[in-house]
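Examining the three-dimensional arrangement
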Amino acid sequence: MSTIRVYSNEKLQLRTGAPGAAMWAVALERSMLTYFEFAPGAVLPEHTHEAEQITLVLEGELTLRCGEKSFVLGPGDVVAIPSNVAHAASTGSAPCTAVDAWSPPRADFLR
């Protein structure tokens, strides 16, 4: 039998997620939510992952690059990235915060 899990703010401790980023993650069997705080000038190199990703920018700017196209996302902007699509991201001169929904969960974020 499944049960509801509540995570208080105290349990959602930030940890290093990628260079220039701190994050926390919460997952169920088939979905996951992550929260990221990116430092100014953070760069996430081009990568792919099996999981579908939906990102909501909360504060700052996040530049997403997919092939030759770049998209600058600001507060309230959302991007949906299908499974296995190569993409990269970076921040500008200000910090950025964002939340991501994932399916299936990424085991590498759940350590």
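Criteria and thresholds
- Residues numbered from 1 in each chain as written.
- Predicted model: local features only at pLDDT ≥ 70, side-chain atom pairs only at ≥ 80, totals over all residues.
- Heavy atoms only, no water.
- Helix = DSSP H or I, 4+ residues; strand = E, 2+ residues; numbered from the N terminus.
- Rg over C-alpha atoms; globule rule 2.2 N^0.38 Å.
- Buried < 20%, exposed > 50% of the residue type's maximum accessible area, 1.4 Å probe, protein only.
- Contact = heavy atoms within 4.5 Å.
- Areas by Shrake-Rupley, 256 points an atom, 1.4 Å probe, with all protein chains shown as cover.
- Lys, Arg positive; Asp, Glu negative; His and termini not counted.
- Charge placed at Lys NZ, Arg CZ, Asp CG, Glu CD.
- Pairing = 2+ DSSP bridges.

Now for the overall build of the chain. Regarding its fold elements, the chain presents zero helices and 10 strands. For the chain, the sequential pattern of α-helices and β-strands runs β-β-β-β-β-β-β-β-β-β. Relative to its length of 111 residues, the chain is compact, with a C-alpha radius of gyration of 14 Å against a globular reference of 13 Å. Of all 111 residues assigned to the chain, the portion counted as buried reaches 34%. Sequence separation of at least 24 residues holds for 64% of the intrachain contacts in the chain that already meet a minimum separation of 6. Of the accessible surface of the chain, which amounts to about 6900 Å², a share of 57% is contributed by carbon and sulfur atoms. Within the chain, one finds 8 positive and 12 negative side-chain charges whose respective centroids are separated by 7 Å.

With that settled, consider the pairing of strand 6 (residues 62-66). The sheet contact formed by strand 6 and strand 7 (residues 69-73) spans five bridges and is antiparallel. Its bridge partner lying in strand 7, T63 is registered against V72. Connecting strand 6 to the antiparallel partner strand 7 that follows it, the hairpin turn spans two residues, and G67 within it adopts a positive phi of roughly 65°. Looking at chain direction, strand 6 and strand 9 (residues 87-91) are connected through four bridges and run antiparallel. Paired with R65 across the strands is A88, a residue of strand 9.

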